[in-house]
Amino acid sequence: MSGPVGAGGGPQPPPRPADNGPAMAPGPAPLLEIADLRVTFATEEGVARAVDGVDLVVRSGETVGLVGESGCGKSVTALAVLRLVEHPGHIAHGSRVRFEGRDLLALAERDIRAVRGNHLGLIFQEPASALNPVLTIGSQIAEVIRAHQHATRSEARWRAIEMLRAVGIPDAEKRAGHYPHQLSGGMRQRALIAIALACRPHLLIADEPTTALDVTIQAEILELLDGLQRSLGMAVLLITHNLGLVAERTRRVYVMYGGQIVEEAPTDALFAAPAHPYTRGLMAAVPRLDSPRERLAAIPGQVPPATAWPPACRFHPRCPLAFERCTTEMPPLLAAGEARKARCWLANSRTVGRADERTDAPTQAGLREPGGQGS
Ligand code: SF4
């Protein structure tokens with residue numbers, strides 16, 4: 001695990017360009033507030049700047065999306081919030097992560113353990129690797145409850161069975177005695193959700209919570225999460241590459257590319273008119289229900305490795321709108337309308353285009369249901 005790197009203890013970040021835009025729409029005080037988060041990994045190819053100056057806010061009770069292709073830094077951002085970045089990764093000096101007013105990067109190891117799984121839950125992408133294969137499902141949930149809430153052994157076991165019932169596992173008492181390999185993929189994912197929610201967290205970070213599941217189970221799991229979110233009143237940070245999920249389930253969205261936030265906006269505004277060419281490219285790559293079957297438009301090229309981000313605008317080698325300034329100067333997050341920003345020199349221009357003026361990008365309503373193909 002890695003805490004912040006002290007002065008001189010790791011690569012120092014370059015000076016941060018000044019943002020030029022409004023803050024997010026006013027609302028309740030932030031539950032989670034990430035500011036200038038930077039995570040680096042020392043590799044044989046050089047220093048990988050996996051997360052490079054990310055700012056992100058989640059307020060009580062809201063669902064916020066964090067989207068982008070694989071390799072853009074979404075999962076590393078989640079791991080950094082929970083201080084689960086492992087060697088050779090470092091959270092750089094100057095990064096800030098505040099949760100319920102506490103600076104998570106400054107907490108002692110014992111205190112951050114008390115936050116993880118208690119007030120702040122995490123669902124990983126892969127239930128098979130996240131569960132302990134040699135412990136029964138019931139004992140894994142009970143262990144979390146006992147670690148955080150001083151319950152007796154029998155209370156914890158009873159609550160573990162209640163939790164398995166709450167996540168829709170039939171015959172919960174019997175299933176509590178089963179090992180992970182005895183459960184189907186859908187059941188293992190439900191068990192993982194039960195562990196993440198066992199202590200009724202105030203914020204759940206769900207990193208591709210349904211990627212490994214078939215479409216029917218995906219829909220069931222998402223309904224289940226919705227219901228639990230309503231009953232527990234928790235906030236959710238939904239990390240995904242699936243724009244259908246984002247359109248359906250979130251109120252605000254952050255789009256990530258090259259270790260940076262490149263666009264942030266209310267969900268309906270983002271789908272009505274993406275302000276960043278990368279967001280537009282992601283949308284054009286999603287199949288629509290309301291248009292004839294046709295070849296999807298892929299973003300040309302691939303996400304470069306984090307050891308070799310292109311200079312200036314990191315998207316410029318793949319951007320159809322790139323011009324000279326894009327190759328010499330990195331754009332800051334610029335105001336792109338009410339409560340939204342985009343890291344693009346054209347953020348205020350109509351060049352990027354409105355979704356309803358184009359034929360190649362979907363409207364929010366036209367996206368496939370969750371479980372459909374993501375970007
Ligand atoms: Fe494209 Fe230039 Fe905008 Fe970057 S700054 S996204 S290269 S138009």
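A few points on the structure.

Thresholds applied
- Residues numbered from 1 in each chain as written.
- Predicted model: local features only at pLDDT ≥ 70, side-chain atom pairs only at ≥ 80, totals over all residues.
- Heavy atoms only, no water.
- Axes fitted to C-alpha atoms, helices over the stretch in contact; angles between N-to-C directions.
- Helix = DSSP H or I, 4+ residues; strand = E, 2+ residues; numbered from the N terminus.
- Parallel < 35°, antiparallel > 145°, perpendicular 65-115°, else oblique.
- Left-handed = near helix turned anticlockwise from the far one by under 90°.
- Contact = heavy atoms within 4.5 Å.
- Nonpolar A, V, L, I, M, F, W, Y, C, P; charged D, E, K, R; others polar.
- Pairing = 2+ DSSP bridges.
- Buried < 20%, exposed > 50% of the residue type's maximum accessible area, 1.4 Å probe, protein only.
- Phe/Tyr/Trp six-rings, centres within 6.5 Å; stacked < 30°, edge-to-face > 60°.
- Lys NZ or Arg CZ within 6 Å of the ring centre and 35° of its normal.

### Some thoughts on the packing of helix H7 (residues 185–197) against helix H8 (residues 215–232)
Interaxial distance between H7 and H8 falls to 10 Å at its minimum, and their mutual angle equals 15°. Relative to H8, H7 is oriented roughly parallel. The way H7 lies across H8 gives a crossing that is right-handed. On H8, the residues that touch Gly186, Gln189, Arg190, Ile193 and Leu197 of H7 are Ile217, Glu220, Ile221, Leu224, Leu225 and Leu228. Broken down by class, the residue content of the contact of H7 with H8 amounts to seven nonpolar, two polar and two charged.

### Topic: the sheet that holds strand S13 (residues 341–342)
Backbone hydrogen bonds are what pair the strands of a sheet, in a parallel or an antiparallel way. Overall, mixed pairing links the eight strands, which are arranged S7-S8-S9-S3-S10-S11-S13-S12 in an open sheet. If you trace the sheet from one side to the other, it starts and ends with strand S7 (120–123) and strand S12 (334–335), each paired once. Sheet analysis places strand S3 (residues 63–67) next to strand S10 (residues 252–257), joined by four bridges and oriented parallel. When the bridges of S10 are listed, Val64 appears paired with Arg252. Contacts from H7 reach S7 and strand S8 (203–207), with the element oriented near 165° to S7. Helix H11 (residues 277–284) rests against S10 and strand S11 (260–266) of the sheet, and its axis sits at about 100° to S10.

### Concerning the side chain of His148
One can find His148 in helix H4 (residues 137–149). Residue classification places His148 among the buried positions, given a relative accessible area of 17%. Excluding residues that lie within four positions of it along the chain, His148 makes contacts with Arg113, Ala114, Arg116, Gly117, Asn118 and Cys199.

### Some words on the packing of aromatic side chains
What the rule picks out here adds up to three aromatic pairs. Measuring from centroid to centroid gives 4.6 Å for Tyr257 and Tyr278, while their planes differ by 50°, and the two rings are tilted. With Tyr257 in strand S10 and Tyr278 in helix H11, this pair connects stretches of sequence that are 21 residues apart. Look at Tyr257 and you get buried, because its relative accessible area is 1%. Residues Tyr257 and Phe315 carry aromatic rings whose centres are separated by 5.1 Å and whose planes lie at 80° to one another, so their mutual orientation is edge-to-face. Placement of the pair is Tyr257 in strand S10 and Phe315 in the loop between H11 and S12, with a sequence separation of 58 residues. One aromatic cluster is present, built from ring pairs that chain together Tyr257, Tyr278 and Phe315. Between the NZ or CZ atom of Arg325 and the centre of the ring of Trp345, over which it lies, the distance is 3.5 Å.

### Brief notes about the pairing of S8
In terms of burial, S8 is a largely internal element, five of the five residues being buried. Sheet topology places S7 next to S8; four bridges connect them, and they run parallel. Across the sheet, the residue bridging to Ile123 is Ala206, located in S8. Bridge count between S8 and strand S9 (residues 235–240): five bridges; the pairing is parallel. Looking at the pairing, Leu203 lines up with Ala235 of S9.

### A few points about the environment of Arg159
Residue position: Arg159 is located in helix H5 (residues 153–166). Sequence separation between Arg159 and Ile145 is 14 residues; the distance between their C-alpha atoms is 8.1 Å. In contact with Arg159, other than residues within four places in its own chain, are Ile145, Gln149 and Ala198.

Purely spatial values, then, with no claim about function.
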